[in-house]
Amino acid sequence: MNASVSNLNKNMVSKKNIPITIISGFLGSGKTTLLNHILTNQQGIKTAVLVNEFGEIGIDNELIIKTEEEMIELSNGCICCSINGELVEAIEKLINVNKKLDYIIIETTGLADPLPVAMTLLGSDLRDQTRLDSIITLIDAENFNDVALESSIGRSQVIYGDILLLNKCDLVTNKNIEETIDKLKEIKNDVRILKSIKGNIPLNLLLSVGLFETDLINQKESVHDHSHEHKHGHGHGHGHGHGHSEEDNRIEDFLSVSFQTKEPFSLRKFQYFLDNQLKSDVFRAKGILWFSESERRHVFHLAGKRISIEDSEWGEERNNQLVFIGKELDKTKILSQLNACIDK
Ligand SMILES: Nc1nc2c(ncn2[C@@H]2O[C@H](COP(=O)(O)OP(=O)(O)OP(=O)(O)O)[C@@H](O)[C@H]2O)c(=O)[nH]1
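Residues numbered from 1 in each chain as written. Predicted model: local features only at pLDDT ≥ 70, side-chain atom pairs only at ≥ 80, totals over all residues. Heavy atoms only, no water.

1. Thoughts on the overall build of the protein
(1) Moving on: When its secondary structure is counted, the protein shows 11 helices and 14 strands.
(2) Moving on: When the 344 residues of the protein are sorted by exposure, 56% land in the buried category.
(3) Moving on: If you take every contact in the protein between residues at least 6 apart in sequence, the share linking residues at least 24 apart comes to 76%. (Helix = DSSP H or I, 4+ residues; strand = E, 2+ residues; numbered from the N terminus. Buried < 20%, exposed > 50% of the residue type's maximum accessible area, 1.4 Å probe, protein only. Contact = heavy atoms within 4.5 Å.)

2. Let's talk about the UniProt feature "domain: CobW C-terminal" (unreviewed entry) in the protein
(1) Moving on: Within this numbering scheme, the UniProt entry marks residues 254–342 as carrying the feature "domain: CobW C-terminal" (unreviewed entry).
(2) Moving on: The span residues 254–342 is 22% helix and 43% strand, and its two end C-alpha atoms sit 27 Å from each other. (UniProt positions renumbered as here; feature names shortened; annotations may be inferred.)

3. Quick notes on the site of the ligand
(1) Moving on: Of all residues adjacent to the ligand, which total 18 residues, the nearest are Lys-31, Thr-33, Asp-170, Lys-198 and Lys-286.
(2) Moving on: Between the ligand and Lys-286, the relevant distance is 2.8 Å, taken from an oxygen atom to a side-chain nitrogen or oxygen of the residue.
(3) Moving on: Contact with the protein chains removes 91% of the 660 Å² of surface that the ligand exposes when unbound.
(4) Moving on: For the shell around the ligand, the leading source of residues is helix 2 (residues 31–41), giving three residues.
(5) Moving on: A breakdown of the residues in the shell around the ligand according to their chemical character gives three nonpolar, eight polar and seven charged.
(6) Moving on: Split by domain, the residues of the shell around the ligand number at least three in each of domain 1 (18–208) and domain 2 (254–341). (Near = heavy atom within 4 Å. Polar contact = N/O pair within 3.5 Å; in protein donor to acceptor, adjacent residues only side chain to side chain. Areas by Shrake-Rupley, 256 points an atom, 1.4 Å probe, with all protein chains shown as cover. Nonpolar A, V, L, I, M, F, W, Y, C, P; charged D, E, K, R; others polar. Domains from an automatic or database assignment.)

4. Quick word on the domain arrangement of the protein
(1) Moving on: Under the domain assignment, the protein is made up of domain 1 (18–208) and domain 2 (254–341).
(2) Moving on: Distance between the C-alpha centres of domain 1 and domain 2: 25 Å.
(3) Moving on: Opposite the 21 residues of domain 1 that make contact, domain 2 presents 25 residues.
(4) Moving on: Summed over both partners, the interface of domain 1 with domain 2 comes to about 1,900 Å²; 62% of that surface belongs to carbon and sulfur atoms.
(5) Moving on: Counting across the interface, domain 1 meets domain 2 through one salt bridge.
(6) Moving on: With a closest N to O distance of 2.5 Å, Glu-142 and Arg-306 form a salt bridge.
(7) Moving on: Counting the contacts that link domain 1 with domain 2 gives two residue pairs in polar contact (both at pLDDT 80 or more).
(8) Moving on: Counting only elements with at least two residues in the side of domain 1 that touches domain 2, the list comes to helix 3 (60–63) and helix 6 (146–150).
(9) Moving on: In terms of residues, the side of domain 1 that touches domain 2 owes the most to one element, helix 3, which gives three residues. (Buried area = accessible area lost by both parts, 1.4 Å probe. Salt bridge = Lys/Arg side-chain N within 4 Å of Asp/Glu carboxyl O.)

5. Focus: helix 2
(1) Moving on: The buried fraction of helix 2 is high, at nine of 11 residues.
(2) Moving on: On the buried face of helix 2, the contacting elements are strand 1 (18–25), strand 2 (47–52), helix 3, strand 4 (103–107), strand 5 (130–140) and strand 6 (163–167).

6. Focus: the confidence of the model for the protein
Reading predicted coordinates in detail is not appropriate for stretches of low pLDDT.
(1) Moving on: Per-residue confidence for the protein gives a mean pLDDT of 83; residues scoring 70 or more make up 83%.
(2) Moving on: Considering only residues more than four positions removed or in separate chains, one finds that residues 1–14, a stretch of pLDDT under 50, has 24 contacts.
(3) Moving on: We note a pTM of 0.85 for the whole complex and an ipTM of 0.99 for its interfaces. (pLDDT = per-residue confidence, 0-100.)

7. What about the packing of aromatic side chains?
(1) Moving on: Per the stated rule, a full pass over the model turns up nine aromatic pairs.
(2) Moving on: Note on Phe-26 and Phe-283: the rings are 5.6 Å apart at their centroids and 75 degrees apart in plane angle, and the pair reads as edge-to-face. A residue pair is termed long-range when its members are at least 10 positions apart, and Phe-26 in the loop between strand 1 and helix 2 and Phe-283 in strand 11 (residues 282–289) qualify at 257 residues. Take Phe-26 and Phe-283: they sit in the same class, and that class is buried. (Phe/Tyr/Trp six-rings, centres within 6.5 Å; stacked < 30°, edge-to-face > 60°.)

Now the structure itself:
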């Protein structure tokens, strides 16, 4: 980050209340990638990060770059309905313990509606100490299709995003980009859209932009309730239910399946799993992989149809951790197929 951007940010966060940015966006759209971009470039600004994930095991704490910044994982529930109390408590604690805190970033799950998160912040005592700066919604330019659009959460993320970051522009043509922008404008007419590759955007366009308008919240709230009544007719809590069942890790029609083992996989067997057994109904997967043939730690991502495996160094402990998210997943079958990948 250049000096002027850094100064600009510093000046803008010197206001009394600590700014909060909510990073939203559908499964695999690039939220963690953007967060890493921010943490790498946000020099001199003391930032705390809160991360919420869908799935029994949290992979993101393994994927977010290690910095001196405080990172809190909000687990055991969905940030937009069941654990909003935990969110408020965590932020209060952060502010009380760290008097020098400049900025707070919340990364929601890909299946969270950002509005109830905003409402939670504004409806609590945090109102006096914090300021909701903006909701940034990542859009996956390659995978912004019917799956995201059919889900009311995907639409809410677009509607309530103060900035839409059209990400993964390297994977599509200019024509595709224009088509996606048209679709987004159909959902939200006067929207601010930025294009990016790997979330790489100057930070002064994203942070301390003061785009969230608290005065509009009542208006937004009534629009939101209205749409939910029509789609589900079953709001809960603040009236923001989204078909969520924690017992079986299901949100709307999406189910998550988590797997972990302290034994290494056979590379050949895992390759067979990817080529022949992994079903197209898996919309998103991510994990840390350990193969007996390799000394490296492999980070695995599947977003839409695209698979990537990158390698890095192991820390102290080696293991395999994977999360699969999709509609109509056969949990028993996936777990048994993954068990069969273990090198025995
Ligand atoms: N080619 C390309 N890949 C990207 C870009 N942004 C992110 N990715 C890749 O997309 C995959 C998903 O990115 P994440 O940042 O983990 O997405 P996320 O939104 O945090 O995912 P969830 O929290 O699981 O919903 C990873 O393999 C990233 O490296 C981009 O602009 N271009």
